[in-house]
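# Overview (structure and organization)
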Amino acid sequence: MIRDITIGQYYPADSLIHKLDPRVKLVGTIVYIIALFVIDSYIGYLLAALALLAVIRLSKVPVKFILRGLKPIIAILLFTLVFNLLFTQGDPVFKAGIITITKQGIRLCITMAIRLVLLIIGSSLMTFTTTPNHLTDGLESLMGPLKKVKVPVHEISMMMSIALRFIPILMEETDKIMKAQTARGADFETGGLVKKAKGLIPLLVPLFVSAFRRANDLAMAMEARCYRGGEGRTKMKPLKYTGRDMVSYLVLAVFFAGIIVLNHVDLLMF
Amino acid sequence: MEMVKTEGLVFEYIRRNDEGEVESINRAVDNVDLRINKGDFIAILGHNGSGKSTLAKHINAILTPTEGSVWVGGINTREEEHLWDIRQNAGMVFQNPDNQIIGTVVEEDVGFGAENLGVPTEEIWERVEKSLKAVGMLEYRKHSPNKLSGGQKQRVAIAGIMAMKPQCIVLDEPTAMLDPMGRKEVIETVMELNKKEKVTVILITHYMEEVINADKVFVMDKGKVVMEGTPREIFKEVEQLKRYRLDVPQVTELSYELRKSGLKIPEGILTVDELVKAVCALKKE
Amino acid sequence: MPIIIDKLQYVYSPQTAYEKHALKDINLVINDGEFIGLIGHTGSGKSTLIQHLNGLLRATGGTIYFNGQDIYEKDFSMKYLRSKVGLVFQYPEHQLFETTVYRDVSFGPKNLGLDQLEVDVRAYEAIRMVGLGEEMVDVSPFELSGGQKRRVAIAGVLAMKPEVLILDEPTAGLDPKGRDEILEQINKLHKGSGITIILVSHSMEDVAKYADKLVVMNNGGIAFYDTPHKVFEHYKELEQMGLAAPQVTYVMHELKDRGIPVKTSATTVEEAREEILRILKK
């Protein structure tokens, strides 16, 4: 069911990770993603996995909840893996008809799997532990310097936070319209591509109409509450670095240094 | 002093075709003169399309009159330099609870209006706490609005308005999408704010049961105010209300039917208790 | 042929932290041609139950027999079930999508694979049945008023010629006259064609006026299943479930408490009027 998608959701809990400044978490996520692509040793991946596990523990988000978020993307994951397994050139280890599996293919497939899973869990952990508002506040603050070159930073972050708030509502709405049309005999599952695409019209038209109606309502409600852009606005929760944020930056730096060192150690050892 | 005053208020929705020529004009509000006193609990009744929502949007300066004028707290809504003062002073709650909550956490949503007004951070926290307490939602401050019931969402929306410290709050069919329990929650909250915080309340609705405690009721039809008076004065006109596509509470209807059948029951009965007393008195005779 | 609901159970998100028993052991027989009022506070399981009746949700336990057939049998066609059990969702106007009223209403019959003539006949008949004029047929549904849109949406379900019509709060958001008009139309339909109606409503006054029987749901189970008179006798228990009785029922009970010998079974204005007049004219 569409409601099972947990990516992008917030998981309320009282944890150290939840309390961190969103900028730390944003930078942390970016550094982690870079690290995942820099690593070229299994021991490096082990370190990255352990680091992630530690953060999950600290965040108090149940592992089950995180894993459930992976479910909807298993198909994409498998596709990428099979693609890499089959189409990587190198030393063949297995051959059957047109299918050739190479040593490099296997290696790439494994590292790709580790990378993708860690990447998805890592970035979804950020959204689990950061309220969308906090997240956009963090983005707004990190992108602050771009204001000087006339990038509408506040507007972008406001749009993002509204989008995040309405995703679950629109998901539920999609579910409802789908059911309503199914009750009228619509069929969203069978048929060829063209038939399926055509079959989506009874779903998409009402969904767009509803999205526009909601957007209209929301704009009015925001204006009624005196919203007039970022200027002159104060913040209920202004971002302020505390000691633990600084410590986190330090830990992050150590982690990244560790990854780099491990890459070289690995080279020395083998 | 009046909280809200309108004089000769007219509003027309003008539809234009692709060439910009006027295709049709729909007069949604037609020559309305209103006077609403500070601290009052006012109800505006009317069927769908009677113009009551359009009228409400003038009080928050979302719409400005085609003709005539609206004053909110003595300020004419045409004075653009005071636009934000008017919106701060006359907060507005809308029908769909989902489409007016901006924050993803209850307390952040309640703080949204105060943030826009440039209130200092510490004071925002004080206001948010006080407003959430006033609507009885303090224990939900860290929750996601998506998980709340309809009535709770509307109370959060009301708290968001209260945090802007308005003198007046306009509620545009706040209960239309709620179940009976949610309706009760919202109406009780609003009545309490009116009593305790002395906020002027303008409640727009077509649920008759919600207006029996109002100080004054206006009935709208075809853009005009067609009836005006206390709930008792309004509800004794059962036939007239039905002509305006409205209704009366079931006890009022029963009392009216009994009167029609020749019983000496007073006009404009609003509650079960009043009717029971009237019937008991007749039985004793 | 009746609908027999046999030990129906439904669990949301089983084996997770969000596990919720939405339906617990529901047993219910709905006979042909009945007008059933389904009441219960939000979250009591009403919506979950009605979605089972036309196969949108699949029970996690128990079964439903429609026309004597188990709907969960392998060769039972859900499409057939959906053509016989029409479901009008809350705010059904939000599902309109076509360019004209006619096209939207014929969406259902077309999906049933009927020939063009039959589709036409059914669409026009349905539009007429909900009280919309011929002149509406080629209008875009998005141009209509709220009440009219709702009628179009109801017509869209009626055009499938269901034997059972389920309506989830068909009057939500309408003004009093609009509410009465829709309910009268449904009642007329029920009286005229003998179709079984299941009306989900929050208005005790409405179900008391129209329904032959009431199903009261509470906490995923059925608390009462009886005539309105009998059900509203339990008004104190209903209150504990977040429900109530019609206002006139309270009047009658209050009168009785004050020593006036009225029968307390009245649930509509007419009944209450008759009873009070009877007592006072004695």
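A quick note: this is a predicted structure, and the numbers were derived from the prediction, not measured. (Residues numbered from 1 in each chain as written. Chains lettered and ligands numbered in written order. Predicted model: local features only at pLDDT ≥ 70, side-chain atom pairs only at ≥ 80, totals over all residues. Heavy atoms only, no water.)

### Quick word on the domain arrangement of chain A
Taken domain by domain, chain A consists of domain 1 (1-130 + 242-270) and domain 2 (162-239). Computed from C-alpha atoms alone, the centre-to-centre distance between domain 1 of chain A and domain 2 of chain A is 31 Å. (Domains from an automatic or database assignment.)

### So, the environment of Phe166(A)
Along the chain, the position of Phe166(A) falls in helix α8 (residues 153-183). Taking the relative accessible area as the measure of exposure, Phe166(A) reaches 9% and is therefore buried. Taking the C-alpha atoms as reference points, Phe166(A) and Ala211(A), separated by 45 residues in sequence, lie 9.1 Å from one another. If near-sequence neighbours (up to four positions away) are discounted, Phe166(A) is found in contact with Arg214(A), Leu218(A), Asp98(B), Asn99(B) and Ile101(B). (Helix = DSSP H or I, 4+ residues; strand = E, 2+ residues; numbered from the N terminus. Buried < 20%, exposed > 50% of the residue type's maximum accessible area, 1.4 Å probe, protein only. Contact = heavy atoms within 4.5 Å.)

### Description of the UniProt feature "transmembrane region" (unreviewed entry) in chain A
Residues and elements named next belong to chain A. Look at the UniProt record and you will see "transmembrane region" (unreviewed entry) annotated at residues 26-53, 65-87, 108-131, 151-171 and 246-265. In the segment residues 151-171, helix accounts for 90% and strand for 0%; the C-alpha atoms at its two ends are 30 Å apart. For residues 246-265, the helix share is 100%, the strand share is 0%, and the end-to-end C-alpha distance is 28 Å. (UniProt positions renumbered as here; feature names shortened; annotations may be inferred.)

### Points about the interface of chain B and chain C
A common measure of how large an interface is: the accessible area buried when the components associate. Across the boundary between the two partners, chain B contributes 32 residues, which contact 34 residues of chain C. Across the interface of chain B and chain C, roughly 3000 Å² is buried in total on both sides, 65% from carbon and sulfur atoms. Applying the counting criterion to the chain B and chain C interface returns 3 salt bridges. Linking Asp175(C) and Arg245(B) is a salt bridge whose minimum nitrogen-to-oxygen distance equals 3.5 Å. There are 10 residue pairs in polar contact (both at pLDDT 80 or more) connecting chain B and chain C. Counting only elements with at least two residues in the side of chain B that touches chain C, the list comes to α6 (180-196), α9 (250-260) and α10 (272-284) of chain B. Of all the elements, α10(B) adds the most residues to the side of chain B that touches chain C, at 9 residues. For the side of chain B that touches chain C, the residue count by class is 18 nonpolar, 5 polar and 9 charged. (Buried area = accessible area lost by both parts, 1.4 Å probe. Salt bridge = Lys/Arg side-chain N within 4 Å of Asp/Glu carboxyl O. Polar contact = N/O pair within 3.5 Å; in protein donor to acceptor, adjacent residues only side chain to side chain. Nonpolar A, V, L, I, M, F, W, Y, C, P; charged D, E, K, R; others polar.)

### Considering the interface of chain A and chain B
Taken together, the contact pairs 27 residues of chain A with 38 residues of chain B. Buried area between chain A and chain B, summed over both chains or domains, comes out near 3100 Å², and the portion from carbon and sulfur atoms is 55%. The three residues of chain A that bury the most area against chain B are Arg165(A), Arg225(A) and Met236(A), which together make up 30% of that side's buried surface. Here Glu107(B) makes a salt bridge to Lys237(A), at a shortest N to O gap of 2.8 Å. On the surface where chain A and chain B come into contact, there are 19 residue pairs in polar contact (both at pLDDT 80 or more). Residue assignment for the side of chain A that touches chain B shows that the elements contributing at least two residues are α7 (132-142), α8 and α10 (201-224) of chain A. The element that contributes the greatest number of residues to the side of chain A that touches chain B is α10(A), accounting for 8 residues.

### A closer look at helix α2 (residues 22-38) of chain A
All names here are of chain A. With 17 residues, α2 extends 24 Å from end C-alpha to end C-alpha; this agrees with the ideal 24 Å at 1.5 Å per step. Along α2, the positions that sit buried rather than exposed are Pro22, Arg23, Val24, Lys25, Leu26, Gly28, Thr29, Val31, Tyr32, Ala35 and Leu36. At the N-terminal end of α2, a side-chain oxygen is found 2.8 Å from the backbone nitrogen of Arg23, two or three residues along, and the residue is Asp21. (Expected span 1.5 Å × (residues − 1).)

### Some thoughts on the nonpolar core
Formed by 49 residues in total, the largest nonpolar core has its most connected members in Ile158(B) and Val219(B). With 6 residues, helix α5 (residues 150-162) of chain B is the largest single contributor of residues to this core. Every residue in contact with Ile158(B), bar those within four places of it in the chain, is listed here: Val93(B), Val135(B), Ile169(B), Leu171(B), Val186(B), Val190(B) and Leu193(B). In this structure, Leu132(C), Ile186(C), Val207(C) and Ala211(C) belong to the second largest nonpolar core, which totals 48 residues. (Core = buried A, V, L, I, M, F, W, Y, C linked by side-chain atoms within 4.5 Å.)

### Overview of the sheet that holds strand β4 (residues 61-66) of chain C
Residues and elements named next belong to chain C. Judged by pairing direction, the sheet is antiparallel, and its 4 strands sit side by side in the order β2-β1-β4-β5 without closing on themselves. The outermost strands of the open sheet, each flanked by one partner alone, are β2 (20-30) and β5 (69-70). Sheet topology note: the β4/β5 ladder contains 2 bridges and is antiparallel. Bridge assignment links Tyr65 to a residue of β5, and that residue is Asp70. Along the sheet, helix α1 (residues 46-53) makes contact with β1 (3-12), β2 and β4, crossing β1 at roughly 125°. (Pairing = 2+ DSSP bridges. Axes fitted to C-alpha atoms, helices over the stretch in contact; angles between N-to-C directions.)

### Observations concerning empty space enclosed by the protein
Following the criterion strictly, the structure yields 5 cavities of 30 Å³ or more and no others. Lining the largest cavity are 19 residues, with Asn133(A), Asp137(A), Met158(A), Arg233(A) and Glu115(B) sitting closest to its centre. Elements represented by at least two residues in the lining of the largest cavity include exactly α7 and α8 of chain A together with α3 (106-116) of chain B. Sorting elements by how many residues they give to the lining of the largest cavity places α7(A) first, with 5 residues. For the lining of the largest cavity, a count of residues per class yields 4 nonpolar, 7 polar and 8 charged. (1 Å grid on protein atoms, 1.4 Å probe; cavity = no way out; pocket = protein on both sides within 12 Å on 5 of 7 lines; lining within 4 Å. Points joined across faces, edges and corners; volume = space filled by probe spheres on them.)

### Topic: the side chain of Lys25(A)
Structurally, the position occupied by Lys25(A) is in helix α2. For Lys25(A), the contacting residues outside a window of four places in its chain are Ile17(A), His18(A), Leu20(A), Met126(A), Thr129(A) and Thr130(A).

### Considerations on the packing of α3(B) against helix α4 (residues 121-134) of chain B
Residues and elements named next belong to chain B. Running from N to C, α3 and α4 point in directions that differ by 120°, and their axes come no closer than 9 Å. Judged by the inter-axis angle, α3 sits oblique to α4. By crossing handedness, the relation of α3 to α4 is classed as right-handed. Two secondary-structure elements touch here, α3 through Val106, Glu107, Val110, Gly111, Ala114 and Glu115 and α4 through Ile124, Trp125, Val128, Ser131 and Leu132. Among the residues forming the contact of α3 with α4, the class breakdown is 7 nonpolar, 2 polar and 2 charged. (Parallel < 35°, antiparallel > 145°, perpendicular 65-115°, else oblique. Left-handed = near helix turned anticlockwise from the far one by under 90°.)

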